[in-house]
Amino acid sequence: MNITSQRIALPLLDANQPEAWLECRMAGPEDAPLLVFLHGFPEAAFAWDELLAHFGEHYRCVAPNLRGYPGSYSPPEVKDYRAQLIGGDVVGLIQALGAPAAALIAHDWGGAVAWGLAAMAPQMMERLVILNAPHPALFMKALRHDPAQQEASEYMNLLRRPGVEAYLQADDFAKMWSFFERFGGATWLTPELRDQYRQAWSAGLNGPLNYYRASPLHPPTAPTDAVMHLNLPEAMLHVSIPTTVIWGEADLALPPSLLDGLEAYVPSLHVTRLPEATHWLVHEEPAAVIHALQAALNRSA
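Worth saying up front: this structure is predicted, and the values here are computed from it rather than measured.

1. Structural notes on the overall build of the protein chain
Turning to step 1, where the next piece is worked out: Counting its regular elements, the protein chain contains 11 helices and 8 strands.
Turning to step 2, where the next piece is worked out: For the protein chain, whose C-alpha radius of gyration is 18 Å, the value lies close to the compact-globule estimate of 19 Å for 301 residues.
Turning to step 3, where the next piece is worked out: Overall size of the protein chain, expressed as C-alpha extent along the three principal axes, is 50 × 45 × 45 Å.
Turning to step 4, where the next piece is worked out: In the protein chain, buried positions account for 53% of the 301 residues.
Turning to step 5, where the next piece is worked out: Put simply, of all contacts in the protein chain between residues at least 6 apart along the chain, 74% involve residues at least 24 apart.
Turning to step 6, where the next piece is worked out: Element-wise, carbon and sulfur atoms account for 54% of the exposed surface of the protein chain, whose accessible area totals about 12,800 Å².
Turning to step 7, where the next piece is worked out: For the protein chain, the separation between the mean place of its 18 positive charges and that of its 32 negative charges on side chains is 5 Å.

2. Comments concerning the layout of surface pockets
Turning to step 1, where the next piece is worked out: In this structure, the largest pocket occupies an estimated 840 Å³ of space.
Turning to step 2, where the next piece is worked out: In this structure, the largest pocket is lined by 34 residues; those nearest its centre are Ala 83, Trp 109, Ala 112, Ser 215 and Leu 217.
Turning to step 3, where the next piece is worked out: For the lining of the largest pocket, the secondary-structure elements that each account for two or more residues are α2 (83–97), α3 (109–120), α4 (136–145), α6 (155–159) and α9 (206–214).
Turning to step 4, where the next piece is worked out: With 7 residues, the single largest contributor to the lining of the largest pocket is α3.
Turning to step 5, where the next piece is worked out: Residue composition of the lining of the largest pocket, by class: 25 nonpolar, 7 polar and 2 charged.

3. Section: the side chain of Thr 244
Turning to step 1, where the next piece is worked out: By the element assignment, Thr 244 lies in strand β7 (residues 243–248).
Turning to step 2, where the next piece is worked out: Residues in contact with Thr 244, not counting those within four places in the same chain, are Leu 128, Val 129, Ile 130, His 270, Ala 296 and Arg 299.

4. Overview of the sheet that holds strand β8 (residues 269–274)
Turning to step 1, where the next piece is worked out: Overall, mixed pairing links the 8 strands, which are arranged β1-β2-β4-β3-β5-β6-β7-β8 in an open sheet. Since the sheet does not close on itself, it has two edges, and those belong to β1 (4–9) and β8, each with one partner. Ignoring which end each strand starts from, the neighbouring axes of this sheet average 20° apart.
Turning to step 2, where the next piece is worked out: Running over the sheet, α3 touches β3 (34–38), β5 (103–107), β6 (128–131) and β7 and is turned about 140° from β5.
Turning to step 3, where the next piece is worked out: On top of the sheet, helix α11 (residues 286–298) reaches β3, β5, β6, β7 and β8; it is set at about 170° to β7, its chief contact.

5. Some remarks on empty space enclosed by the protein
Turning to step 1, where the next piece is worked out: A full pass over the atoms with the stated rule returns 3 cavities of 30 Å³ or more.
Turning to step 2, where the next piece is worked out: In this structure, the largest cavity spans a volume of roughly 70 Å³.
Turning to step 3, where the next piece is worked out: Class assignment of the residues belonging to the lining of the largest cavity gives a composition of 9 nonpolar, 1 polar and 1 charged.

6. Some thoughts on α2
Turning to step 1, where the next piece is worked out: Helix length check: α2, at 15 residues, gives a terminal C-alpha distance of 21 Å against a target of 21 Å (1.5 Å per residue), a fit within 8%.
Turning to step 2, where the next piece is worked out: Those residues of α2 not exposed but buried are Ile 86, Gly 87, Asp 89, Val 90, Val 91, Gly 92, Leu 93, Ile 94 and Leu 97.
Turning to step 3, where the next piece is worked out: Within two residues after α2, Gly 98 carries a phi angle of roughly 105°, on the positive side.

7. Describing the pattern of salt bridges
Turning to step 1, where the next piece is worked out: Scanning the entire structure with this criterion turns up 9 salt bridges.
Turning to step 2, where the next piece is worked out: Residue Arg 198 is joined to Asp 195 by a salt bridge in which the shortest nitrogen-to-oxygen separation is 3.1 Å. Of the two residues, Arg 198 and Asp 195 both sit in helix α8 (residues 191–202), 3 residues apart, roughly one turn of that helix.
Turning to step 3, where the next piece is worked out: A relative accessible area of 46% means that Asp 195 is categorised as partly exposed.

Criteria and cut-off values
- Residues numbered from 1 in each chain as written.
- Predicted model: local features only at pLDDT ≥ 70, side-chain atom pairs only at ≥ 80, totals over all residues.
- Heavy atoms only, no water.
- Helix = DSSP H or I, 4+ residues; strand = E, 2+ residues; numbered from the N terminus.
- Rg over C-alpha atoms; globule rule 2.2 N^0.38 Å.
- Buried < 20%, exposed > 50% of the residue type's maximum accessible area, 1.4 Å probe, protein only.
- Contact = heavy atoms within 4.5 Å.
- Areas by Shrake-Rupley, 256 points an atom, 1.4 Å probe, with all protein chains shown as cover.
- Lys, Arg positive; Asp, Glu negative; His and termini not counted.
- Charge placed at Lys NZ, Arg CZ, Asp CG, Glu CD.
- 1 Å grid on protein atoms, 1.4 Å probe; cavity = no way out; pocket = protein on both sides within 12 Å on 5 of 7 lines; lining within 4 Å.
- Points joined across faces, edges and corners; volume = space filled by probe spheres on them.
- Nonpolar A, V, L, I, M, F, W, Y, C, P; charged D, E, K, R; others polar.
- Pairing = 2+ DSSP bridges.
- Axes fitted to C-alpha atoms, helices over the stretch in contact; angles between N-to-C directions.
- Expected span 1.5 Å × (residues − 1).
- Salt bridge = Lys/Arg side-chain N within 4 Å of Asp/Glu carboxyl O.

Written as structure tokens, this is what we have:
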């Protein structure tokens, strides 16, 4: 299956809105049901290529580089990376491609965006598939009260620091490569994939890091931190559409305990657990992920 790149302009909501666009990886016929794939950090749209090639036989598969990533609209200010704005980009993309999507499929930061979007704009998708991205209410609770989760997520505070870009770029991105090792290993990192990551990171890290800087969800460094007092609106927490969660249980950053209590927010929920997979489950066990995703697409509820 041939994968192409295409820049998709996002609809302008008002005359004062700046022009915005997302650079997308695309596969499949234009008249087929739409699947939208959202990547996380420190990846980009190419991370989904194996799934795009597989599902592109029967679906129109679109994987955008999210705001701030290579080729896509990259505003400079931290405030421009709030979750609702990134979610607005995804809504615009789905509208431009012919809403609703048959499924929104998302990992890591893409999953954080997708949880909120599924709650606030369920009309944009028929179903949601999440891969190793915690529900915001459960993640906030763990960051507040679970010392193990606070320790596992301490890297988030590093990534929020001003000027950390130079530190991460040093020695051929040595610290960036360490994220793969730290959160599960990197035996899947072929020379070709390394070149793709290196090319993406060389385009700049400010946009990707601004996701962390703009979010109030990070391990608290003081009792006054926003995460300790934040009240998330109930409308942002409850997902009514059919939802499948695929979770690599060997994830050292996001343990499977983050699934405990999820059914309170997602009544139509199916969980597929991959005991040996880590945070990088898409690369480690692509066949298992494809099987679970196909089952989600076939499931009526």
